[in-house]
Amino acid sequence: EEYLNRLRQTEPQIQSFLHVSENALRDAQAIDQKIERNEELGPLAGVLVGVKDNICTVDMPSTGGSRILEDYRPAFDATAVKKLRECGAIIVGKTNLDEFGMGSTTESSGFQVTANPWDVSRVPGGSSGGSAAAVSARQCVVSLGSDTGGSVRQPASFCGVVGMKPTYGRVSRFGLMAYASSLDVIGCFGSSVVDTAILLHAISGHDILDATSSKRVVPDFSSQLTSMELFESKPLRGLRVGVIRETLGDGVDMGVISSIKAAASHLEELGSTVIEVSLPSFSLGLPAYYILASSESSSNLSRYDGVRYGNQVASDELNSLYGDSRANGFGPEVKMRILMGTYALSAGYYDAYYKRAQQVRTLVQKSFKTALDENDILISPAAPSVAYKIGEKKNDPLAMYAGDIMTVNVNLAGLPALVLPCGFVEGGVAGLPVGLQMIGAAFDEEKLLKVGHIFE
Ligand code: GLN
């Protein structure tokens, strides 16, 4: 009740939810009854979880932030949601996002713009802006987002919460609306590393319904976080940390750079060795990402044809039924991505764009491999700036895309990355949070969470 009251009070300003569950209280009462009957409780019993609205839920609408799916109700739960319910979690509602995950502010949502709880005149980041803002404003305990090119990490940074993008394949994508299937992962938000670790543990693991989900054993991410090492004076002794040189140069706010440098010194004080490393292909990642993500999305979004899912603009003629339904249902950002992707994949341009972008992807993977052979983790800012004003970049898509420079390379390489608050710059009422990104080797979430927990 306390959470729901807070949600009701704050929602008129924040607008992080597209739908609030009518059953949350009933679900909580069911947990109460279990307690009375001394029944066994799951690890997330009674914990309120917000779920990004591109993740399917059987008992609530799932719009993907798009008008084309305004009335869509899935016939199933996404595997991640199913697992949460099995752990006793209460799904409190569906959070706002940029349409189908395409954007960095939530301004491209087909429904509403979410505000940053630190300063409501600013964006919460995106595309999982609703999930980040909901945790930041304490409207729920933890939340799920998705990260194709930074959509968990950048909003975590803007909203001053913890955000975890797991390794590609660690969490099943079954029931996650596809944006760019080779990059998409479901990720987690929490207000501490421990909360985030518990949530990640609950949703991870192989799933027969997603052939790209990994069969690797899932360690109990949170159990290691209570270890006595925390009380040692140099708990990170022996840890090799590489600061990515290319992320602390031109185009990055001074306040962000100084917070990251302070975080590097803090890691040193905790016992680790910090060196500077170079990822030579770093700046190529951004154009390669936008070509690959748009290309995959142009194919994935062809399923929204007005027949199989969502809203239909009726017509006697099949092609105009398709065309009118799509013209009417998709917003401008999505249309632009479909056009860009279709162009990049077209016969005459395929070699010049899509193929070259795939080659860059291999370069990016190799340079991470070299850097992570020599270092345990790599660090960088999660975004080149703190949260900016609503409307500031709305009409300048290239400026908005440039803000993804810190995160997209990690998706191209499929690696895990943890973002946590590491400082503030002046602005808003109480300052604006800066996020530190820690990148690890594939399937080494355990190390990131451990270092993050000690750091925080
Ligand atoms: N901002 C990036 C994009 O618009 C990343 C989005 C995401 O991770 N879903 O593609």
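Predicted model only: the values in this text are computed from it and were never measured.

Q: Help me understand unusual backbone geometry, please; the structure alone is not making it clear to me.
A: What is expected of a backbone is that most residues other than glycine have negative phi and most peptide bonds are trans. With an omega dihedral of 10°, the bond running from Gly126 to Ser127 counts as a cis peptide bond. Examined against the element boundaries, Ser127 turns out to sit in the loop between strand E3 (90-95) and helix H4 (129-136). A positive phi is found at Phe443, a non-glycine position, where the angle reads about 65°.

Q: Can you walk me through the UniProt feature "active site" (unreviewed entry) in the protein chain in this structure?
A: Taken from the UniProt record, the annotation "active site" (unreviewed entry) applies to Lys52, Ser127 and Ser151. These annotated residues cover 100 residues of sequence, and their C-alpha atoms all fall within 10.9 Å of one another, placing them together at a single site. Residue classification places Ser127 among the buried residues on the basis of 33 C-beta atoms within 10 Å. Checked against the element boundaries, Ser151 lands in the loop between strand E4 (142-147) and helix H5 (153-159). When sequence neighbours within four positions are dropped, the list of residues in contact with Ser151 reads Gly101, Gly126, Ser127, Ser128, Gly145 and Ser146.

Q: Can you walk me through the site of the ligand in this structure?
A: In the vicinity of the ligand, 14 residues are found, and the nearest of them are Gly101, Ser104, Thr148, Gly149 and Ser151. Across the shell around the ligand, the residue classes break down as three nonpolar, nine polar and two charged.

Q: Can you walk me through the pairing of E3 in this structure?
A: Looking along a regular strand, one sees the side chains alternate between the two faces of the sheet. Burial analysis of E3 places six of its six residues in the buried class, the great majority of the element. Relative to E3, strand E1 (residues 17-20) runs antiparallel, the two sharing three bridges. When the sheet's bridge partners are listed, Phe17 is paired in E3 with Thr95. By the bridge criterion, five bridges tie strand E2 (residues 48-52) to E3 in an arrangement that is parallel.

Q: How do you make sense of the environment of Ile90 when you look at a structure like this?
A: Within the secondary structure, Ile90 is located in strand E3. Ile90 gets classed as buried once you count the C-beta atoms within 10 Å, which come to 24. For Ile90 and Ser21, which are 69 residues apart along the polypeptide, the C-alpha to C-alpha distance reads 9.3 Å. What Ile90 contacts, discounting residues up to four positions off in sequence, is Ala24, Asp27, Ala28, Gly46, Val47, Leu48 and Val49.

Q: Just checking my understanding: could you explain the environment of Ser213 for this structure?
A: With respect to the helices and strands, the residue Ser213 is situated in the loop between helix H6 (193-203) and strand E7 (240-244). Expressed as a C-alpha distance, the spacing of Ser213 and Pro124, which sit 89 residues apart in the sequence, is 30 Å. Filtering out sequence-adjacent residues up to four positions away, Ser213 remains in contact with Gly169, Ser172, His206 and Asp207.

Q: Looking at this structure, I do not really get helix H3 (residues 79-86). What am I missing?
A: Residues spaced three or four apart along an α-helix point in a common direction, a consequence of the helix completing one turn every 3.6 residues. H3 sits mainly inside the fold: six of its eight residues count as buried. Along H3, the positions that sit buried rather than exposed are Thr79, Ala80, Val81, Lys82, Lys83 and Leu84. Here the buried face of H3 lies against E2, E3, E4, strand E6 (185-190) and H6. With its phi angle positive at about 95°, Gly88 sits one or two positions after the end of H3.

Q: Quick question: what am I supposed to make of the sheet that holds E4 here?
A: Backbone hydrogen bonds hold the strands of a sheet together, and the pairing may be parallel or antiparallel. Spatial strand order, E1-E3-E2-E4-E6-E5-E10-E11-E9-E7-E8: eleven strands in an open sheet with mixed pairing. Each end of this open sheet is capped by a strand with a single partner; those strands are E1 and strand E8 (273-277). Going from strand to strand, the sheet's axes swing by 30° on average, the running direction of each strand aside. As judged from the three bridges shared by E2 and E4, these two strands associate in the parallel manner. Across the sheet, the residue bridging to Val51 is Leu144, located in E4. Of the strands in this sheet, E7, E8, strand E9 (377-381), strand E10 (417-425) and strand E11 (432-439) touch helix H7 (residues 254-269), which is tilted by about 115° from E10.

Conventions adopted
In this numbering scheme, every chain counts its residues from 1 along its sequence in written order. In view of the model being predicted, local features appear only for residues whose pLDDT reaches at least 70, and side-chain atom pairs are presented and counted only at 80 or more, with totals across whole chains, interfaces and linings using the full set of residues. The numbering of helices and of strands both runs from the N terminus, where a helix is a DSSP run of H or I of at least 4 residues and a strand a run of E of at least 2. UniProt positions are given in the numbering used here, feature names are shortened, and annotations may be inferred rather than shown by experiment. Remark: C-beta atoms are placed from the backbone, and a residue is labelled buried if 20 or more other C-beta atoms sit within 10 Å of its own, exposed if 12 or fewer do, or partly exposed between those counts. Contacts here follow a simple rule: the backbone-placed C-beta atoms of the two residues must lie within 7 Å. In this analysis a residue is considered near a molecule or strand if the C-beta atom, reconstructed from its backbone, is found within 6 Å of that molecule or strand. Each residue is assigned to one of three groups, with Ala, Val, Leu, Ile, Met, Phe, Trp, Tyr, Cys and Pro labelled nonpolar, Asp, Glu, Lys and Arg labelled charged, and all others, Gly among them, labelled polar. For two strands to pair, DSSP has to find at least two bridges joining them. Where helices are involved, their axes are fitted lines through C-alpha atoms of the stretch in contact, as for all axes, and angles between N-to-C directions lie from 0 to 180°.

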